[in-house]
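# Topology and contacts: notes
Chain residues, written in single-letter form:
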Amino acid sequence: MARYHLGWEDEHGNPSSATGKRLRPALCLLACEAVGGEWRSGLPAAAAVELVHAFSLVHDDIQDRDEERHHRPAVWARWGEAQAINAGDALLVLAHLALAGLKDDAGLYARCAAYLDEATLEMVEGQVLDLEYEGRPQVTVDEWAEMVGKKTGALFGCALGLGAVTGGADEDRAHEFVRLGRALGTAFQARDDMLAIWGDGSRTGKPVASDLIRRKKSLPVVLAWSMVNEAGKAQLESARSEGSVDRTLMLFDGLGVEEECQREAERMQDRALEMLDRLELGADSGAELGAAVRFLLERDY
Ligand code: IPE
Ligand code: IPE
Ligand code: MG
Ligand code: MG
């Protein structure tokens, strides 16, 4: 199940290449190099972050009732919920075993384990909020940002922070990378929330509009609510209580919600790019991380 989720095998155990984007480990290794480290020294941490991410997705699909991931049935849709919980648990343990590749330097290992555990805990808190929000009539944009900072920002922050730590950065410098990662993660989730509604399922490999059906407080939903008066709120609520995705999308079109989301996502991207500038990296590392930031917002998958 773990090999299937990671995209190494198909459901019959044959070789496959249906992997994710592996953004977090790429960012981790880029950060390692950016502080003057040798990228190979960041590999245990990069693998650990990707495995925590994999664990989170296996459980997330159960929690979100989403049956498709990476263009294939999600683990729970293929093996059932109970086994998918086991697969997620195993991936989380594998993350720690991967990080143990740093054990030769006990001090470094302890520092990295603390980063990873704190970020994982915060990510789970974000998932708790995400599910709790399903039951609320609405949330504010700030509440969306709090939840997303935890569920997605924490692990992006950890990826960049661990890269910096394994590359030899001191605590202050590593925290600058953590802050950049958090800003990146939030911009990334803004884009993800848009793709979940207006994206092409044949590109994302995930179900379209399931956020609306699940009453998720994704960025488009939260922004739409902040843009309308009482009559508009009543219209949005009636479309939602009827479960009419088409009518909700028509209301979003009339309000220009997609454009507003795009502007908001661009503001988040700009904030991340400013933070990157303030890190004053060498030309190569700055350009590579800058390209990664731009990809986060321009991607369509
Ligand atoms: C999906 O993350 C979950 C979010 C935090 C939005 P990714 O889009 O990085 O997932 P994969 O690993 O590439 O599938
Ligand atoms: C992803 O949240 C965040 C985590 C898994 C921690 P979503 O539920 O929005 O991500 P997708 O769209 O299913 O990948
Ligand atoms: Mg999900
Ligand atoms: Mg989710």
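A quick note: this is a predicted structure, and the numbers were derived from the prediction, not measured.

On to the coordination of the magnesium ion (ligand 3), then. Listed as protein donors to the magnesium ion (ligand 3) are Asp60 (OD) and Asp64 (OD); their distances from the metal cover 2.1 Å. Here the magnesium ion (ligand 3) and the magnesium ion (ligand 4) are spaced 3.1 Å apart, and both take Asp60 as a donor. With Asp60 and Asp64 both in helix 3 (residues 43-64) and four residues apart, this pair spans about one turn of that helix. Residue class for Asp60 comes out buried when judged on its relative accessible area of 12%.

On to the site of ligand 1, then. Lining the immediate environment of ligand 1, one finds Gly20, Lys21, Arg24, His53, Leu57, His70, Thr152, Phe188, Gln189 and Asp192. Interatomic distance of 2.6 Å between a side-chain N/O atom of Lys21 and an oxygen atom of ligand 1. At a separation of 2.7 Å, an oxygen atom of ligand 1 approaches a polar side-chain atom of Arg24. Contact with the protein chains removes 90% of the 400 Å² of surface that ligand 1 exposes when unbound. The pocket occupied by ligand 1, as judged from atoms lying within 2 Å of grid points, is the largest pocket.

Another point: helix 5 (residues 81-99). When the terminal C-alpha atoms of helix 5 are compared, their 27 Å separation across 19 residues agrees well with the 27 Å that a helix rising 1.5 Å per residue should span. Buried within helix 5 we find Ala84, Ala87, Gly88, Leu91, Ala95 and Leu99. End-on view of helix 5: buried residues confined to an arc of 110°, all on one side of the axis. Away from its buried face, by an angle of more than 90 degrees, helix 5 presents the exposed residues Ala82, Val93 and Leu97. For helix 5, the elements touching its buried residues are helix 1 (2-6), helix 3, helix 4 (75-79) and helix 6 (106-134).

It is worth spelling out the site of ligand 2 at this point. Neighbouring residues of ligand 2: Ser56, Leu57, Asp60, Asp64, Arg69, Met123, Gln127, Lys151, Thr152, Gln189, Asp192 and Lys206. Protein chains shield 90% of the accessible area of ligand 2, which is 400 Å² for the free molecule. Of all the cavities here, the one that holds ligand 2 is the largest pocket. Elements supplying a minimum of two residues to the shell around ligand 2: helix 3, helix 6, helix 7 (141-166) and helix 8 (171-198). By residue class, the composition of the shell around ligand 2 is two nonpolar, four polar and six charged.

This part covers the environment of Gly243. Among the secondary structure elements, Gly243 is positioned in the loop between helix 12 (230-241) and helix 13 (245-255). The spatial distance from the C-alpha of Gly243 to the C-alpha of Pro207 is 16 Å, given a sequence separation of 36 residues.

All right, on to the packing of helix 3 against helix 6 then. Relative orientation of the contacting elements helix 3 and helix 6 amounts to 20°, with a least axis distance of 11 Å. As judged from the angle between their axes, helix 3 and helix 6 are roughly parallel. Crossing angle aside, the handedness with which helix 3 passes helix 6 is right-handed. Facing Ala48, Val49, Val52, Phe55, Ser56, Asp60, Gln63 and Asp64 of helix 3, the residues of helix 6 in contact are Leu116, Thr120, Met123, Gln127, Asp130, Leu131 and Glu134.

Turning next to the layout of surface pockets. The calculated volume of the largest pocket comes to roughly 930 Å³. Elements supplying a minimum of two residues to the lining of the largest pocket: helix 2 (23-34), helix 3, strand 1 (68-69), helix 6, helix 7, helix 8, helix 9 (201-204) and helix 10 (210-213). Broken down by element, the residue count for the lining of the largest pocket peaks at seven residues, all from helix 3. Split into classes, the residues belonging to the lining of the largest pocket amount to 15 nonpolar, 12 polar and 20 charged.

What counts and how
Residues numbered from 1 in each chain as written. Chains lettered and ligands numbered in written order. Predicted model: local features only at pLDDT ≥ 70, side-chain atom pairs only at ≥ 80, totals over all residues. Heavy atoms only, no water. Donors = N, O, S within 2.8 Å, 3.2 Å for Na, K, Ca; no water. Helix = DSSP H or I, 4+ residues; strand = E, 2+ residues; numbered from the N terminus. Buried < 20%, exposed > 50% of the residue type's maximum accessible area, 1.4 Å probe, protein only. Near = heavy atom within 4 Å. Polar contact = N/O pair within 3.5 Å; in protein donor to acceptor, adjacent residues only side chain to side chain. Areas by Shrake-Rupley, 256 points an atom, 1.4 Å probe, with all protein chains shown as cover. 1 Å grid on protein atoms, 1.4 Å probe; cavity = no way out; pocket = protein on both sides within 12 Å on 5 of 7 lines; lining within 4 Å. Sits in = over half its atoms within 2 Å of the grid points. Expected span 1.5 Å × (residues − 1). Arc of directions from axis to C-beta. Contact = heavy atoms within 4.5 Å. Nonpolar A, V, L, I, M, F, W, Y, C, P; charged D, E, K, R; others polar. Axes fitted to C-alpha atoms, helices over the stretch in contact; angles between N-to-C directions. Parallel < 35°, antiparallel > 145°, perpendicular 65-115°, else oblique. Left-handed = near helix turned anticlockwise from the far one by under 90°. Points joined across faces, edges and corners; volume = space filled by probe spheres on them.

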